[in-house]
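# Descriptive analysis of the structure
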Amino acid sequence: MSETPYVLCHMTSSIDGRALVPRWHPDGAVPDGLWGHAKSRLGVQGSINGRITGLEFAVGTQYPADTDRSFPRTDHLPPAGLPDYRVVIDPHGAIAWGRGDVDGTPIVVALLTSVPDSHLAGLHDDGVHYLFAGDTEIDLEVLLRKLGELGISRVRLGGGPTTTGAFLHAGLIDEISLLLVPALDGYSGSPTIVEHDGERDALQFPVTGIELAASEVLDGGVLWLRYRLTNR
Ligand SMILES: NC(=O)c1ccc[n+]([C@@H]2O[C@H](COP(=O)([O-])OP(=O)(O)OC[C@H]3O[C@@H](n4cnc5c(N)ncnc54)[C@H](OP(=O)(O)O)[C@@H]3O)[C@@H](O)[C@H]2O)c1
């Protein structure tokens, strides 16, 4: 049986701890090629994003609201063992993709079984793959198990903050890889790299230990910090 992947939460932060890059000052603080350089060294076989971040690489507009086709609620997956997969958690099927891959990497959408057939028809027409990770809410452990079955042993959790918060509070992040950019957001209200609306400490916090695993200064004064997490 395949193992669930090691989850490497890889995020970029300003030095005042904010996560929305377009709001940062001064302009151009993120050096060219930073993300590609760091990503190429993570040794992952896939990435996970939430629905809002996933929208940034969708090019479709809207799928037709009706279809006369019907689809079993079984996974429709690309071949196992590919070098990379782009996984997006879009529980209710809100994204019309207009493409089936990003630079050759197949898109795999994590859905609830309650999505309408019309959305699944749109995904098929676009050549987008999908898996089901719950009936009423996304079960992140089911999602990770299915990614393990695709041959993914290490996955980059690439945000946004709502999605990293869900994984963090489920006790599923093994490592936080942080690119700390010499930039300032400078205002209240922008999210940090992890957001979660739950009542503070109503449940036991999942992380019991944090250990610095690596640190490096990159071009442009960026600090790359890697921390291993111990979960309960
Ligand atoms: N600084 C960085 O490194 C970094 C990295 C990535 C993104 N970003 C930025 O972050 C912003 C977006 O972040 P965000 O926090 O607003 O959104 P997000 O995390 O991209 O997407 C959140 C949505 O994904 C779905 N989702 C994710 N995990 C889920 C779970 N466990 N269960 C159910 N649904 C789940 C939900 O969709 P539904 O609402 O449809 O239920 C949820 O509202 C963008 O501006 C992006 O550019 C920054």
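Calculation notes
Residues numbered from 1 in each chain as written. Predicted model: local features only at pLDDT ≥ 70, side-chain atom pairs only at ≥ 80, totals over all residues. Heavy atoms only, no water. Near = heavy atom within 4 Å. Polar contact = N/O pair within 3.5 Å; in protein donor to acceptor, adjacent residues only side chain to side chain. Areas by Shrake-Rupley, 256 points an atom, 1.4 Å probe, with all protein chains shown as cover. Helix = DSSP H or I, 4+ residues; strand = E, 2+ residues; numbered from the N terminus. Nonpolar A, V, L, I, M, F, W, Y, C, P; charged D, E, K, R; others polar. Domains from an automatic or database assignment. Buried < 20%, exposed > 50% of the residue type's maximum accessible area, 1.4 Å probe, protein only. Contact = heavy atoms within 4.5 Å. Buried area = accessible area lost by both parts, 1.4 Å probe. Salt bridge = Lys/Arg side-chain N within 4 Å of Asp/Glu carboxyl O.

## Focus on the site of the ligand
- Of all residues adjacent to the ligand, which total 21 residues, the nearest are Arg51, Thr53, Glu56, Thr162 and Thr163.
- Residue Ala19 places a main-chain N or O atom 2.8 Å away from a nitrogen atom belonging to the ligand.
- Take Thr53: an N or O atom from its side chain is 2.7 Å from an oxygen atom of the ligand.
- When the free accessible area of the ligand is taken as 930 Å², the share hidden by the protein chains comes to 77%.
- When residues of the shell around the ligand are traced back to their parent elements, those giving at least two are β1 (6-14), α2 (51-54) and α5 (161-169).
- For the shell around the ligand, the leading source of residues is α5, giving four residues.
- Split into classes, the residues belonging to the shell around the ligand amount to 10 nonpolar, nine polar and two charged.
- In this structure, the shell around the ligand is formed jointly by two domains, domain 1 (1-45 + 153-232) and domain 2 (46-152), each of which donates at least three residues.

## Comments concerning helix α4 (residues 140-149)
- If you check which residues of α4 are buried, you get Leu140, Leu143, Leu144, Lys146, Leu147 and Gly148.
- N-capping of α4 is provided by Asp139, with a side-chain oxygen placed 3.0 Å from the backbone N of Glu141.
- Where α4 ends, the next residue or the one after it, Gly151, has phi of about 100 degrees, a positive value.

## Here's the deal with the side chain of Gln45
- With respect to the helices and strands, Gln45 occurs in the loop between α1 (34-40) and β2 (47-50).
- Among the polar contacts made by the side chain of Gln45, one reaches the main-chain amide nitrogen of Ser153 at a distance of 2.7 Å.
- Within polar-contact distance, the side chain of Gln45 engages the backbone nitrogen of Arg154 at 2.9 Å.
- When neighbours within four sequence positions are excluded, Gln45 is seen to be in contact with Pro83, Asp84, Tyr85, Gly151, Ile152, Ser153 and Arg154.

## Things to note about the domain arrangement of the protein chain
- Structurally, the protein chain comprises domain 1 (1-45 + 153-232) and domain 2 (46-152).
- Distance between the C-alpha centres of domain 1 and domain 2: 23 Å.
- Domain 1 puts 21 residues into the contact, and the matching count from domain 2 is 21 residues.
- Buried area between domain 1 and domain 2, both sides added, is near 1600 Å², and the carbon and sulfur share of it is 60%.
- Scanning the region where domain 1 abuts domain 2 turns up one salt bridge.
- Note that Lys39 and Asp84 form a salt bridge whose closest N and O atoms lie 3.8 Å from each other.
- Where domain 1 packs against domain 2, one counts 10 residue pairs in polar contact (both at pLDDT 80 or more).
- At the level of elements, β7 (154-157) and α5 are the ones that each hand at least two residues to the side of domain 1 that touches domain 2.
- Looking at which element gives the most residues to the side of domain 1 that touches domain 2, the answer is β7, with four residues.

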